[in-house]
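Per-entry structural report
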Amino acid sequence: MRTLFIYPEFPKTFWSYEKILELVDRKVLLPPLGLVTVAALLPQHWDMKLVDRNVREVREDEWAWAELVVISGMIVQKADMAEQIARAKARGLPVAVGGPFASSTPDAPELDGADFKVLDEGEITLPLFVAALERGETSGRFTADGEKPDVTSTPVPRYDLLELDAYSEMSVQFSRGCPFNCEFCDIIVLYGRKPRTKAPEQLIAELQRLYDLGWRRSVFLVDDNFIGNKRNVKQLLPALRQWQIEHGYPFSFATEASVDLAADQELMDLMTECRFESVFLGIETPDAASLETARKLQNTRSSLEESVEKITASGLRVMAGFIIGFDGEQRGAGNRIVEFVTRTGIPHAMMGMLQALPNTAMWTRLEQEGRLIQDTAAAKGVNQTNLLNFLPTRPIQDIATEYMEAFSALYEPNAYIDRVYSYFLKLPPQRYKQILRQQAAHAAGGAMPSESAQTLTPNGKKGMSWVDLRALGIVVWRQGIKRNTRWRFWRALAGMWRHNPARFKGFISILAHSEHFLEYRQIVRSEIQEQLAGLPPDPSHSLMVAPPQMVAG
Ligand code: SF4
């Protein structure tokens, strides 16, 4: 079966990082891990091609070659998903759809043209789909009926189908599911609250596959909560550290984890010894009452600020997500987020307005309360600039304006440099470099090489590439000469070189991200203003019948 996998296009978002990708000469941040996993689960004698529409268009010869089209995507990709289904059908090709969007809303109008809906986790439903094809069936819907597969037999994803040079990072997955119970979260709906992990040797085999294909950059562990099953993670990490040492630390890692990571020093140390460099935390808000409303109780058990400090002191750079628009939220929530981010120094703080995702506990509650907005621009998709898709308990204009102002304050170029500088001063030297030095000393019979010795460079890479140099030149020109950030820029550079040279390179790279935020600030402002202008004339546009204690300002 000649199978064409298509990954639909993403709209421009906070995480699409176009300006940064341009600087480093890549097209997309992450590959479609779900689709390459599906490809590995289908019969391996099938011929397969994959086109990521975020990298390039599907060529006419690829449409002509295909006998079956498989499309998978998330809710934010639904518009292009519909477009690709229509293009395939116009050429008379059978289409199968799957992935998070199809699994959570199989009857969405965007999926109407698909012949096969292969829902839930593919380990269970793909064999049903293949069996139906073999029986000559031309349509069908396959579900796992609530069953969650054991992922210890999931094969190594077909990374060979990707155009590796187009991506800034590769992705792997160790676990699915999360033990927590946040009201707005669809992960626990899709993957359950009992985290299922792969075996350590499986993940190592995936890394080895990437290594054999020539990959030598960052790898993102896309787990919903990497530390959801701490016992199994602690079995993985020593094996991962050993593999990294044996291969000269070719990969740096990033992942997502719950805030309780801060309470486990052993786990953080193991992560940094494996060369985990950053971790994304769902902090959501510093307002304890909102965290309780959202059932994100794990974030209320200890000081969020102290947790960020501990993780940072361990050597992991914290990225964090924040949300505005919780029920009962008091006026000034946007400012409180800005103050929290400024105090902790977190360089990358992602912000969004709360969205109700289909089938979540929050969706069900709001549906029962008659508060979902289904037919407006807000309901069209989930993006950082979409207004809330439900009636909030305070005026939507206030929430949107606070969001816009907070985003703008966080990424004001001078404030950004100050924050990144103060944060990077706190980061200790990387532990994996210490391990590399010890290895080199051992090999040389005792003497410990200095920090600057060539042996410290992972995997024998020498110096900066032409692309790195060009990116550095652009950043220096824009932030150090052209803009009004020039004094701060040079002062921070000199300070970093003097006080924390071990983190100098990472510091420059995070400063470069300002190029993206600067542009995205404008996008946030104009898109929100446009949506606010389109709201009905109702002066509050909030829930007028909310209990008095839930209505702010
Ligand atoms: S901690 Fe994160 S992944 Fe887990 S339930 Fe909460 S939002 Fe979902």
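Note that the coordinates shown come from a computational prediction; the quantities given were computed from them, not determined experimentally.

This brings us to the sheet that holds strand β6 (residues 140–142). Spatially, the six strands line up as an open sheet ordered β2-β1-β3-β4-β5-β6, and their pairing is parallel. Each of the sheet's edge strands pairs with one partner strand only, and the pair in question is β2 (47–52) and β6. Strand-to-strand twist in this sheet, taken as the mean axis angle between neighbours without regard to direction, amounts to 20°. Helix-sheet contacts for helix α4 (residues 78–90) involve β1 (2–7), β3 (68–72) and β4 (95–98), and the interaxial angle to β4 is about 165°. Contacts from helix α6 (residues 122–134) reach β3, β4, β5 (116–118) and β6, with the element oriented near 155° to β5.

Let's shift gears to the pairing of strand β11 (residues 252–257). Extensive coverage of β11 is indicated by the burial of five of its six residues. Two elements, strand β10 (residues 218–221) and β11, share four bridges in a ladder whose sense is parallel. Among the inter-strand pairings, Ser218 is bridged to a residue of β11, identified as Ser252.

Right, let's talk about α6 for a bit. An α-helix turns once per 3.6 residues; consequently, residues spaced three or four apart project the same way. Its 13 residues give α6 an end-to-end C-alpha distance of 17 Å, which sits within 8% of 18 Å, the value for a rise of 1.5 Å per residue. Taken as a whole, α6 has its buried residues at Gly122, Glu123, Ile124, Thr125, Leu126, Phe129, Val130, Ala132 and Leu133. Elements that come into contact with the buried residues of α6 comprise α2 (33–41), β3, β4, β5, β6 and β8 (175–176). Gly136, located one to two residues past α6, shows a positive phi value of around 85°.

Glancing now at the sheet that holds strand β13 (residues 317–324). What links the strands of a sheet is backbone hydrogen bonding, and the strands pair in either a parallel or an antiparallel sense. Ordered in space as β7-β10-β11-β12-β13-β14, the six strands form an open sheet in which the pairing is parallel. Edge positions in the open sheet fall to β7 (169–172) and β14 (348–353), since each of these has one partner strand only. Adjacent strand axes in the sheet meet at a mean angle of 20°, parallel and antiparallel pairs treated alike. Direction of pairing for strand β12 (residues 276–284) relative to β13: parallel, over a ladder of six bridges. Within β13, the position partnered with Gly282 by the bridge is Gly321. Sheet strands touched by helix α15 (residues 396–410): β13 and β14. Its angle to β14, the strand with the most contacts, is close to 165°.

Oppositely charged side chains can pair when the atoms bearing their charge come close. Under the defined criterion, the tally for this structure stands at 42 salt bridges. Between Arg87 and Glu57 there is a salt bridge, with the nearest N and O atoms lying 3.4 Å from each other. Of this pair, Arg87 sits in helix α4 while Glu57 sits in the loop between β2 and α3 (60–65), and the two are 30 residues apart along the sequence. A salt bridge links Arg176 to Glu121, with the shortest nitrogen-to-oxygen separation between them at 2.6 Å. Here Glu121 lies in the loop between β5 and α6 and Arg176 lies in strand β8, a separation of 55 residues in the sequence. Looking at Arg176, the relative accessible area reads 8%, which means it is buried. Classification of Glu121 as buried rests on a relative accessible area of 5%. Each of Glu9, Arg53, Glu57, Asp80, Glu83 and Arg87 takes part in a single network of salt bridges with overlapping partners.

About the thresholds
Residues numbered from 1 in each chain as written. Predicted model: local features only at pLDDT ≥ 70, side-chain atom pairs only at ≥ 80, totals over all residues. Heavy atoms only, no water. Pairing = 2+ DSSP bridges. Helix = DSSP H or I, 4+ residues; strand = E, 2+ residues; numbered from the N terminus. Axes fitted to C-alpha atoms, helices over the stretch in contact; angles between N-to-C directions. Contact = heavy atoms within 4.5 Å. Buried < 20%, exposed > 50% of the residue type's maximum accessible area, 1.4 Å probe, protein only. Expected span 1.5 Å × (residues − 1). Salt bridge = Lys/Arg side-chain N within 4 Å of Asp/Glu carboxyl O.

That's the geometry; what it means functionally is another story.
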